Amino acid sequence: MPWLSSSKTKPPDAPATVPDTSVLRSTALQASWRRDRWVGRRRVALRWSLYYLGRYGLPGLLLLSMGLFVWLRIVPWLAAPTLQPVASVAIAPPPVPAAAPDQPASSPAPEALVPASPEADPPLRLERQWAAVSARLISVQEDDSPAPPLKSDNALHSQEP
Amino acid sequence: MSTNPATTRLVPTERLSAITSLIAEGAEFDGNFQTSRDQGIKIDGRLKGNITFESGGTVHVGATGVIENTRIEADYVFIEGKIIGTVIARKALEITGSATMIGDASYDELIDMHPRARVRGKIEYRGDIDAAASN
């Protein structure tokens, strides 16, 4: 068996270099400092960014959104959706109910809607009587006759010396 | 390539370079650490327990380090990670912007705290207030 014959391990030709304690310590410390520097910078940057985001970022975002809202309200055509021209749509006529068998065939046809004629709805015109009424009101307001003296109705005040 | 330790304002750089013990990132240590020598420890992993330096001592909590249920007592304490417990710095206490500290801290001489540090607890000056005011 080859593995039984090589049970004795041969000593290495050159002795392994054991690191010095001080070298090992300084190396470990330097690696630790390097890691501390990166972790510390990252954590401080995160804390500062959170601070500035809460102090300036969110109020700025709020102001920006409010300004955008007001601007869109002032200029409504920006917020209104663009109206597309409606294509000619073929509207199917409403279904004609089947004639009842007991109903006579000469039933009156449904009346079509007729737009009102301009003579039926005359345009607005100035009422001529309003001028006389307004002139009478103005004459009453311009009457500057002295008002009659007021009589005191309070009996308690009239009995005081 | 030599890398300098973290930029500090109060804790001397040579104190951070003289760290003798290290709990690496990803490692967990459950127990107390105590010594009477002026040494230092850096925690990059997770520690549950107390750290006591009877004299001198530097404690550096790395940015990835987390210490829970602790009472840390040393001359210099430099915090970049997270601490839940009590901290006593006999000389200087420095809390960086990446640090989170939940618990009370007390110091005898100097303190420096970054404005973005997260501290929930009481910070107490243990020195003589009247003597400090007269100076």
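All figures in this text were calculated on a predicted structure; none of them were measured in a lab.

**Overview of the overall build of chain A**
For chain A, the helix and strand inventory stands at 5 helices and 0 strands. Going through the 161 residues of chain A one by one, you find that 4% of them count as buried.

**Re the overall build of chain B**
When you go through chain B residue by residue, the secondary structure sums to 2 helices and 14 strands. Residues counted as buried form 39% of the 135 residues belonging to chain B.

**Concerning helix α2 (residues 21-74) of chain A**
Relative to the 80 Å expected for 54 residues at 1.5 Å per residue, α2(A) spans 76 Å between its end C-alpha atoms, a close match to the ideal helical length. At A:L53, α2(A) shows its largest kink, close to 45 degrees. Among the residues of α2(A), A:L29, A:S32, A:W33, A:D36, A:G40, A:R43 and A:V44 are the ones counted as buried. Where α2(A) is buried, its residues meet β1 (21-23) and β4 (40-43) of chain B.

**A look at the environment of B:T96**
With respect to the helices and strands, the residue B:T96 is situated in the loop between β9 (82-95) and β10 (100-102). Along the primary structure B:T96 and B:R9 are separated by 87 residues, whereas in three dimensions their C-alpha atoms are 9.8 Å apart.

**Looking at the confidence of the model for chain A**
Here chain A averages 73 in pLDDT, while 42% of its residues score no lower than 70. When mean pLDDT is taken per element in chain A, α2(A) scores highest with 93 and helix α1 (residues 2-5) of chain A scores lowest with 55.

**With respect to the interface of chain B and chain A**
Contacts between the two partners involve 17 residues from chain B and, on the opposite side, 15 residues from chain A. When grouped by side-chain class, the residues that make up the side of chain B that touches chain A number 5 nonpolar, 7 polar and 5 charged.

**Quick look at the nonpolar core**
Ranked by size, the top nonpolar core spans 33 residues in total, and within it B:A74, B:V77, B:I79, B:A89 and B:L93 carry the most contacts. Counting residues per element, the ones that place at least two in this core are α2 of chain A together with β1, β4, β6 (51-53), β7 (58-61), β8 (66-79), β9 and β11 (105-107) of chain B. The dominant element in this core, judged by the number of residues it contributes, is β8(B), at 7 residues. The contacts of B:A74, once residues within four sequence positions are left out, are B:I51, B:F53, B:G57, B:T58, B:V59, B:A89 and B:R90.

**Some details on the environment of B:R37**
Considering the arrangement of structural elements, one finds B:R37 in the loop between β3 (33-35) and β4. For the pair B:R37 and B:G56, spaced 19 residues apart in sequence, the C-alpha to C-alpha distance is 7.1 Å.

**Comments concerning the pairing of β7(B)**
All names here are of chain B. Here β7 shows two buried faces, one formed by T58 and H60 and the other by V59 and V61. Here β4 pairs with β7 via 4 bridges, running parallel. The partner of G40 across the bridge, within β7, is T58. In this structure, β7 lies alongside β8, joined through 4 bridges in parallel fashion. If you follow T58 over to β8, its bridge partner there is Y76.

**A closer look at the pairing of β9(B)**
Residue and element names in this part refer to chain B. Where β8 lies against β9, 11 bridges are found, and the strand directions are parallel. Bridged to I72 within β9 is V87. Bridge analysis of β9 against β10 gives 3 bridges, and the strand direction is parallel. Looking across to β10, one finds that I84 is bridged to I102. Where β9 meets β11, 3 bridges bridge the pair, whose relative direction is parallel. Across the sheet, V87 pairs through a bridge with A105, a residue of β11. By the bridge criterion, 4 bridges tie β9 to strand β12 (residues 110-113) in an arrangement that is parallel. Within the sheet, the bridge partner assigned to L93 lies in β12 and is I111.

**Section: unusual backbone geometry**
Phi is positive for B:N69, which is not a glycine, with a value near 50 degrees. Mapped onto the secondary structure, B:N69 falls in strand β8.

**Observations concerning the confidence of the model for chain B**
Put simply, chain B has an average pLDDT of 92, and 95% of its residues get 70 or more. Quick note on the complex model: pTM equals 0.64, ipTM equals 0.87.

Conventions adopted
Residues numbered from 1 in each chain as written. Chains lettered and ligands numbered in written order. Predicted model: local features only at pLDDT ≥ 70, side-chain atom pairs only at ≥ 80, totals over all residues. Helix = DSSP H or I, 4+ residues; strand = E, 2+ residues; numbered from the N terminus. Buried ≥ 20, exposed ≤ 12 C-beta atoms within 10 Å, placed from the backbone. Expected span 1.5 Å × (residues − 1). Bend = angle between axes of the 7 residues up to and from the residue. Contact = placed C-beta atoms within 7 Å. pLDDT = per-residue confidence, 0-100. Nonpolar A, V, L, I, M, F, W, Y, C, P; charged D, E, K, R; others polar. Core = buried A, V, L, I, M, F, W, Y, C linked by C-beta atoms within 7 Å. Pairing = 2+ DSSP bridges.

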